[in-house]
Structures are given as C-alpha cells and as structure tokens.
Amino acid sequence: MEAAHISPELPMRWVISADRTVEIKEEVTELGCDQANERILQEETPPSSVTERGTGMTLVRLGRREESEMASSHIKEETPELEPVLAKEEVTVLGPVHLEEKSPVFDLLRSCFGSGPTSQKSLSSPLSDPVRHCRKRQKKTKTTNSLIVSDQREGGNNQIDHLQTEESRIEQTETETHREKLAQSRQRESLQPEELAQMMDEAESPDESGLDDDFDQSSDEEAVNFLLNEDSEESEKCDHEPDTQPEEGWKQAPVSADAFTKLPFTVRNKGFQGSTTLRTELEFFQLFFTDALCTEIVNETNRHASVKLTGPRCHNSIWNSWKPVTLPEMKAFFGVVLNMGLNVKTDIKEYFSGEWPDRMPFFKDVFKRSRFLQIFWMLHLCPPPTQVPQTAFVSRGQKVRNVVSYIDSKCRELFIPGRDICIDESTVGFKGRIIFKCYNPQKPTKWGMRVFVLADCETGYVSAIVPYFGSPTTDSLPRPDMQFSSRIVLHLCKTLLRTTNGHGFHLFTDRFYTGYDLAMELLKIKIHLTGTIMANRRGLPAPVKQGLKLKTNEPVSFSKDNKVMVLGWKDKRLVLMLSTFHGSDCEKVQRTIKRGAIEELEKPSVICDYTSKMGAVDRADHYCASYAFSRKSVKWWRKMFFWLLEVAIVNSAILFNLMKVESGQLPVRHKTFRKALLVQLVGNVRNTGSRKRGRPSSVDREDRLNGKTHFLAKKESKSTKDCTVCSDRKKKGGRRETVWFCKTCSRKPGLHPGDCFERFHTMDKYR
C-alpha cells in the first residue's frame, strides 16, 4: 500500500489509502493528529462506502472545522491550507475493516476530534462506515463540508505526477520549517515547555513518524492519555480564569447594619427656601414661571409673529386680526391650557363650540377661538442665535434651552431636599421624527423624549432635570471613561451638591444606573447608594455573575472592604441589591395573600427601604400626567415646554401644601390647587369682541322667584309695555299692553296689577 505525505501541521488533514483520499477537516493538536494518521494507515481502515474503481481515485471530505480548546491552547499561528497531494495511480485496493468500540484507534480519533459533548456524540457510533458518519455531521452543521466525489480518468499524465511529487517535497520542507518556528514560539510563551519540547522531539523522530508495521500500541495509549489529561486541565483553567478577578476582596458573610460607616448629613435649612408670606396659588406658581420668564416668552412670540406675517395674506385670513400678545394675555393663555387639561376633548376647537352638548362658557368668555389659536400657533420660546453662520452647528435643545435652564435652576433654588433622594427617567410623550426619540416598553408612555430627574423621596419634589438630546448630552457629561448611566447620576448629584453646600445624601436608583463603580465614585463625594442591580455588572462577585440558586425567602450577602454590600433575596423571583448604607439584616413584615389571609415573613431591610423611597419620580410623573395638556404636535419643543409647565405646577402645589401644613392647615388636593390657579391666571382677561344676538335669555328666573318683596310701579311717559304674562303677539288680537311694571326685577317686565303680577312672581311657568 502506498500513501502520500501526511502533514501534521495543517488544520485540514489528508489521508490517502487505496483509491480513496479522506480529508479530515479538524483543528486538532499536532501530536494527536500524527498518531491518528499513523494508526489509520497501519490499521488500513478505508471507508466501506467507497466502491472499487480500478486505478481511479475517490476524494472524500469528512467532518467540519471546529474550534476546540485543545487546539487553541497549542496552535497560536494560523497556517494556510495546502492543496491535497494526489497519490499515484497504481495503488492496491483494500477491503473495509470494521473497528470495535474499545479499539485504541477509536480513542485516538476521539482525542483528535475533540472531547466535548458534540464530538463524543458524533464518535460514539462504530466507525465501520465513516462516509455515513460524515454525512450525518454534514446534515447537522449545514456547512460547506459536503461529500465531494470525483473520479479521475485512467491513464493520467506522468508530467502531472512528477510535478505533484515535487510539490509534495516542497510542502514537506516548508512544514518542517514551520514546526521548528512553532516550537520556538511555544517555548517563549512558556506554555508547558517540558512536555511540549518532549512531544516535538517525539514527533520529529523517524521511529514514530514513519508508517511501518511495527507500531507500538503502548505509546499510542500514553499519547491518548496525555491529550485527554491536557484537555481537561485546559478546560478547567478556562472555566475558572474569568471569575478569579471579580472575586478579589468579596466575602460571603452576613453584613450587620453597623458594618458601614454612615456619612453625616451636613445640609442645613432643608425644605422650602422662599418667603413665608406667600398665600395664594398664583404666588407659588410665579416662583417658577416668573414675570421675567413670561415676558421673555411674550417678546419672542411677538418677534416670531412679525417675521412670519410679513408676506401677503388672504382677505379672510385669521392673521388679519393679529395683534401683539400682552403679559396678562399670556397668563390667561396658560390658565385656559390648564382648564383644557382638566376637561379633555378630542379637538381643540370643541372648547369654543356654541352647541349645547359641547358648550363650555369659560373658554368663550376668556378668548375668542381665533385669538386663542393665534397665540397657540405663534408661541415661541427662545430667540435664534445671533451672528452665527448658517453652516454652524446649532444644538438640538436650542428651541427650549432657556426655559429648561431657568426651571431647573429655580427648582434647586426654592427647595433643598432631605437626606433621601432618588434618580429615575421620565418620558415626554412624542411620536414625531426626531433622532433622540426613545422607546421603553416598561413605561406608561413608551415613545417620547427621555428626561433624567432627581427628586426628593419624601415629598416627590423635582430638584434637577437633564433632558436627553442624544450625543450632545452624552458629550457634555463628566467622566467619559465611565458608562453613560453612571455619568448622568454623577452629573445630577454634583449639581445638587453645588447648591446645597453639604453632603451625606442617600441616593436610590434602579438597575439601569446601579453599579459597583458608581457606588465607589459616589462614596468619594460622600453620598450613599442603594439600588437594584443587574447580575452582569462589572465588579460583582463571581457567584452573583454565575447565578444564585436560592430557596424562597433565603438571603445571601457579599461584602467588600466594609464599604459595599451585594445582597440576593428570593421571594417570587430573585432580587439583587447593592448598597453602601444598609446591611443584610432582616425585619418582619406582613402582607395580604389570597382570600384576605395575613402572612408574616422576614424581609431584608434594604429591600423595604428601597420599596418605600424609590417611587418619588414616579409620583411626580403621575401628577404631571393626570391633568396634562396633551395635544398632538409635530414640533417636539412644544411637548417639552408643556411638560415643563406641568413640572412647575406640581412643584408649586407641593410647596403650597408644605406651607399649609406648617401653618396648621390641611393640605389641598392637587385638582383643587389647579382649579384655583387657573382662575387666578385668567384674572380679568375677557373676550370683549363678542356680540350677543337675539332676545336676552330667561336668566331672570332667579330674580322673580327669589322670595323677596317686589314692588309695582307706573311708567311716567305715555309709552306702554306688553304684559309679560297675558300678552301674545303671535295671535291675532292677543296683544295686551300696560303702563305698569315691576321695578324690583332687573328686566323691569310689564305686568298688569293683580293676577298677572302674582303669577309672574310665584309660578315657574306663568304663561
């Protein structure tokens, strides 16, 4: 039997036996492949499915390329695939040889093709039919390693055989050179230097590389054992290596409540910072929307209208009656907007309808419909940048930046929060086309613009806001080496510290923000952190990353340097908490279960504290969304402005109730505060341009049936009046005139003395 050269270095292995060429495309170790090739050629195990074709030759490609841990631990350099070396035409045809499952060849192939679960499954069947085994693996992987069978014609060219022999000799020389370089590189990398050097010497020795009949079975078994042991050691090393670094410093043990040093809360004069003489709802609202801000909005609205209305207009255009907006009109406009939030209608024009089902006198008494729409359409907030080239970059928040910065500064100026604060995101609903639109399926408002909010846990007062405008917002935040969720928290906290001139706050965040790196940075600026955390965050203990297996109501805690604690607790599902303030101690709580039964259980204190204090931003969002002016608009800055208006109203209502409680009075409901505020915003602004047509309405019912004394008087002139009770001009001859009238009633109706006068003042239907 003749066999072609077998290259031990190639990831694509070629074995030629009889009229078959078998390509075993596997990434295996050098030693295992050599031993496998020698064993296959010695045992003479050709595929049984290949039929005899005389002097012809059949190519069979077996297996697939898979990246095994054994190959990656030994072969560091990728070698190019070489073309298969064709055997000579005159070969000896051998019959199929069946192997038993306990054969050493079977063990060698298993070690060469991988010891993983997939390789063991694929090699578990007898190897009497390798071609069938190959096809099964090809169907499973769906790779390009398919069965290629090609028959060469008899009587090949001798020149081609000579060229192929020369090519084989050149390839053998290159392979030996590459093996020497590979051995040197392995010694430099110190990867098992003694064993690898010994195996390289054995592989290069002529006794073990030759394909003679005196193959030593004991050396084969030793090589298989070496490969299996080496594979298991490498797999154990790979399994434990990534987890060694996060485990440094973490200790799994219960953490007491006094284990961490509590930072003192040094902020003085917390609470309301304004004047104590404020009494009305309008005075508290104007702490945020001051006359200066409203005047700036009025001036910008008039400027914008003067620019837009310079062109020609139609004779019946609504803009022909435009006149500049005044400050009282702008406040009345805000009051009308508040009332529209309390009384929701599908169309904004329905508020000014005169039809009986839709009639609401408030809106028509304050504004004509055309005037309200003029102010609404021409509303503008911020002037354009002056002396800026057209090609210059304009910030995405340009349209609303002045109102955002003004309201944000006023929120921290008028109120200092207590020790417990929280950070969460709010969503301003908007479905238009903007690049910084966000989507969160877990929020009530799923599509819109994201605003990061810092709020007081006790009152729900909004202390700081940062709208998210995409990359400009990200680039403006400090600490670019940290992730975005940590940077926004640090920015909000540092902004609060600059205003309060103190430290010792206790911050609550959800799992989107909480992280070990963030907790360490907050401790540097003397702020505690407590929040839920994701298991894949950087720096957590290895058992947390791998997944905790806990029983119901079973807590487990890890601590590091007496500064931070990670706690896992399972009720219905696993909850992970990180805190630099709390320990792992538990407290007894009661909850109602099915059928009104009371259940008592022990719950970690950190979870109880987090549940009671984390919902401050959600509470503020609830107040903002309950009576919001939600009109569709294609301009995003309008939605942002009306959201800022809602924030100002909610904060002013909180401050108003705080003053009520301090003075010994009961707080008012949020809806009651809004109704009183909109009436005060409207003030004396009325629609004076409307004309009343037709007869006056019968509003004198209250006058004639008020139970008071009415007096009859006689007209001094000779003119007469129709009697309100008995006169009817629609009937022929039904007119009844009189010179007497009731001087007490506001309309001064004409009445006959006696029966007509009595019926008019005592009966609801007097006619």
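In this report, the structure presented in the accompanying data block is examined. (Residues numbered from 1 in each chain as written. Predicted model: local features only at pLDDT ≥ 70, side-chain atom pairs only at ≥ 80, totals over all residues. Heavy atoms only, no water.)

**Brief notes about the overall build of the protein**
What counts, and what does not: Numbered from the N terminus, helices here are DSSP runs of H or I no shorter than four residues, and strands are runs of E no shorter than two. Three exposure classes are used, based on accessible area relative to the maximum for each residue type with a 1.4 Å probe and protein chains only: buried under 20%, partly exposed in between, and exposed over 50%. Pairs of residues are marked as contacts when any of their non-hydrogen atoms sit within 4.5 Å. Computed with the Shrake-Rupley method and a 1.4 Å probe, the accessible areas treat only the protein chains shown as cover for residues.
Each helix and strand in the protein was counted, giving 25 helices and 21 strands. Taken over 767 residues, the protein has a buried fraction of 47%. Counted over contacts in the protein with a minimum sequence separation of 6, partners at least 24 positions apart contribute 68%. Of the roughly 42,400 Å² of accessible surface on the protein, 49% is carried by carbon and sulfur atoms.

**Observations concerning the packing of helix 22 (residues 636-662) against helix 23 (residues 670-682)**
Two packed helices can be described by the angle between their axes and the distance between those axes. The cut-off we apply is this: Only C-alpha atoms enter the line fits that serve as axes; for helices the fit covers just the stretch in contact. Angles between N-to-C directions range over 0 to 180 degrees. For classification purposes, an angle smaller than 35 degrees is called roughly parallel, one larger than 145 roughly antiparallel, one from 65 to 115 roughly perpendicular, and anything else oblique. Side-chain classes follow a simple rule in which Ala, Val, Leu, Ile, Met, Phe, Trp, Tyr, Cys and Pro form the nonpolar group, Asp, Glu, Lys and Arg form the charged group, and the remainder, Gly included, forms the polar group.
Two elements in contact, helix 22 and helix 23, have axes separated by 10 Å at closest approach and are oriented at 110°. By the criterion of interaxial angle, the relationship of helix 22 to helix 23 is roughly perpendicular. Contact residues: Glu646, Ile649, Val650, Ser652, Ala653 and Phe656 in helix 22; His670, Phe673, Arg674 and Leu677 in helix 23. Across the contact of helix 22 with helix 23, the residue classes tally to six nonpolar, two polar and two charged.

**Let's talk about helix 12 (residues 327-342)**
Because an α-helix packs 3.6 residues into every turn, residues spaced three or four apart end up facing the same way. Condition: Multiplying 1.5 Å by the residue count of a helix minus one yields the expected span of that helix.
Taking 1.5 Å per residue as the helical rise, helix 12 with its 16 residues ought to reach 22 Å, and the 23 Å between its terminal C-alpha atoms agrees with that figure. In terms of residue burial, helix 12 counts as a mostly covered element, since 14 of its 16 residues are buried.

**A few points about the environment of Cys726**
Positionally, Cys726 belongs in the loop between strand 19 (721-722) and strand 20 (737-738). The class of Cys726 is partly exposed, set by a relative accessible area of 33%.

**Remarks on the packing of aromatic side chains**
Our working rule: Working definition: rings of Phe, Tyr and Trp (its six-membered ring) pair if their centres are within 6.5 Å, and the pair is stacked with planes under 30 degrees apart, edge-to-face with planes over 60 apart, and tilted otherwise. Think of it as a cone above the ring: NZ of Lys or CZ of Arg counts as a charge over the ring if it is within 6 Å of the ring centre and within 35 degrees of the ring normal.
All chains considered together, the criterion is met by 33 aromatic pairs. Ring plane angle 45° and centroid distance 6.2 Å describe the contact between Phe334 and Phe641, whose orientation is recorded as tilted. In this pair, Phe334 is assigned in helix 12 and Phe641 in helix 22, connecting sequence segments 307 residues apart. With respect to class, Phe334 is no different from Phe641; both count as buried. With 5.4 Å between their ring centres and 90° between their planes, Phe436 and Phe469 make a pair best called edge-to-face. Highlighted residues: Phe436 in the loop between strand 7 (420-429) and strand 8 (438-439) and Phe469 in the loop between strand 10 (462-467) and helix 16 (471-476), separated in sequence by 33 residues. For the pair shown, Phe436 and Phe469 are each scored as buried. Of note, Arg371 hangs over the ring of Trp322, and the distance from its end group to the ring centre comes to 5.2 Å.

**Observations regarding the pattern of salt bridges**
Counted only if it meets this: Salt bridges are counted wherever a side-chain nitrogen of Lys or Arg sits within 4 Å of a carboxyl oxygen of Asp or Glu.
Considering all chains together, one arrives at 18 salt bridges under this definition. Arg479 is the salt-bridge partner of Glu521, the closest N and O atoms lying 2.8 Å from each other. One end of the pair, Glu521, is in helix 18 (residues 516-524); the other, Arg479, is in the loop between helix 16 and helix 17 (484-500), with 42 residues separating them in the sequence.

**Description of the side chain of Asn651**
By the element assignment, Asn651 lies in helix 22. A relative accessible area of 0% means that Asn651 is categorised as buried. Apart from residues no more than four positions distant in its own chain, Asn651 is found in contact with Phe288, Cys411, Tyr461 and Val462.

**As for a positive patch on the surface**
Threshold: For patches, a residue must show more than 30% relative accessible area and have no salt bridge; joins then use 9 Å for like charges and 5 Å for nonpolar side chains, namely Val, Leu, Ile, Met, Phe, Trp and Tyr. In this charge count, Lys and Arg are treated as positive and Asp and Glu as negative; neither His nor the chain ends contribute. The location of each charge is read from NZ of Lys, CZ of Arg, CG of Asp or CD of Glu.
Taken together, the side chains of Lys572, Arg573, Lys594 and Arg595 define a basic patch exposed on the protein surface. Relative to the elements of secondary structure, Lys594 occurs in the loop between strand 16 (586-592) and strand 17 (598-604). With a relative accessible area of 73%, Lys594 lands in the exposed category.

**Thoughts on the packing of helix 12 against helix 23**
Rule in force here: Throughout, a crossing is termed right-handed when the near helix is turned clockwise from the far one, and left-handed when it is turned anticlockwise from it by less than a right angle.
Running from amino to carboxyl end, helix 12 crosses helix 23 at an angle of 150°, the nearest separation of the two axes being 7 Å. On the basis of the axis angle, helix 12 is roughly antiparallel to helix 23. Both helix 12 and helix 23 take part in a crossing whose hand is left-handed. Listed contacts from helix 23 to Lys331, Ala332, Phe334, Gly335, Leu338, Asn339 and Leu342 of helix 12 are Lys671, Arg674, Lys675, Leu677, Leu678, Leu681 and Val682. Partitioning the contact of helix 12 with helix 23 into residue classes produces eight nonpolar, two polar and four charged.

**Remarks on unusual backbone geometry**
The phi dihedral of Asn501 is positive, around 55°, even though this residue is not glycine. Relative to the helices and strands, Asn501 resides in the loop between helix 17 and strand 11 (506-509). In this structure, Lys748 takes a positive phi of about 55° despite not being glycine. Examined against the element boundaries, Lys748 turns out to sit in the loop between strand 21 (740-742) and helix 25 (755-762).

**A word on the pairing of strand 7**
Inclusion rule: Pairing between strands is defined by DSSP: at least two bridges between the two strands are required.
Counting buried positions along strand 7 gives eight out of ten residues, so the element sits mostly inside the fold. For strand 7 and strand 11, the ladder comprises three bridges, and the chain directions are parallel. Paired with Ile421 across the bridge in strand 11 is Leu507. Here strand 7 pairs with strand 9 (residues 447-456) via nine bridges, running antiparallel. Bridge assignment links Thr427 to a residue of strand 9, and that residue is Arg450.

**Considerations on the environment of Lys721**
As a reminder of what qualifies: Contacts described as polar in this section are N or O atom pairs within 3.5 Å, which, within protein, must combine one atom able to donate a hydrogen with one able to accept it, while residues neighboring in sequence count only if both atoms come from side chains.
The residue Lys721 is located in strand 19 in this model. Spatially, the C-alpha atom of Lys721 lies 5.4 Å from that of Gly750, the residues being 29 residues apart in sequence. Not counting chain neighbours up to four residues away, the residues in contact with Lys721 comprise Lys715, Arg736, Glu737, Thr738, Arg747, Lys748 and Gly750. At 2.6 Å, the side chain of Lys721 and the backbone oxygen of Lys748 are in polar contact.

**As for the nonpolar core**
Across soluble globular proteins, nonpolar side chains show a tendency to be buried alongside one another. The condition that has to hold: Nonpolar core, defined: a set of buried Ala, Val, Leu, Ile, Met, Phe, Trp, Tyr and Cys residues in which side-chain atoms within 4.5 Å join the residues together.
Among the nonpolar cores identified, the biggest contains 101 residues, and Phe289, Phe333, Phe372 and Trp636 are the most heavily contacted of them. When residues in this core are grouped by element, the largest group, 17 residues, is from helix 22. Sequence-distant contacts of Phe289, defined by excluding residues within four places in its chain, comprise Cys294, Ile297, Phe334, Ile407, Phe641, Leu644, Leu645 and Ala648.

**Details of the environment of Phe415**
In this fold, Phe415 is placed in strand 6 (residues 415-416). Given a relative accessible area of 4%, Phe415 falls into the buried group. Between the C-alpha atom of Phe415 and that of Gly274, which follows or precedes it by 141 residues, the distance is 7.9 Å. Those residues in contact with Phe415 that sit more than four places away from it in its chain are Gly271, Phe272, Gln273, Asp456, Thr459, Tyr461, Leu655 and Leu658.

**Points about helix 21 (residues 616-626)**
Threshold: Note: the arc covers the axis-to-C-beta directions of the helix.
All of the buried residues along helix 21 are Ala616, Val617, Ala620 and Cys624. One face of helix 21 carries all of its buried residues, which in axial projection span an arc of 100°. The secondary structure elements touched by the buried residues of helix 21 are strand 7, strand 9, strand 10, helix 20 (605-613) and helix 22.

**Considering the pairing of strand 10**
Buried residues dominate strand 10, accounting for six of its six residues. Relative to strand 10, strand 9 runs antiparallel, the two being bridged by five bridges. When the bridges of strand 10 are listed, Val453 appears paired with Ile465. Counted along the chain from strand 9 to the antiparallel partner strand 10, the turn is five residues long, and its residue Gly460 has a positive phi close to 80°.

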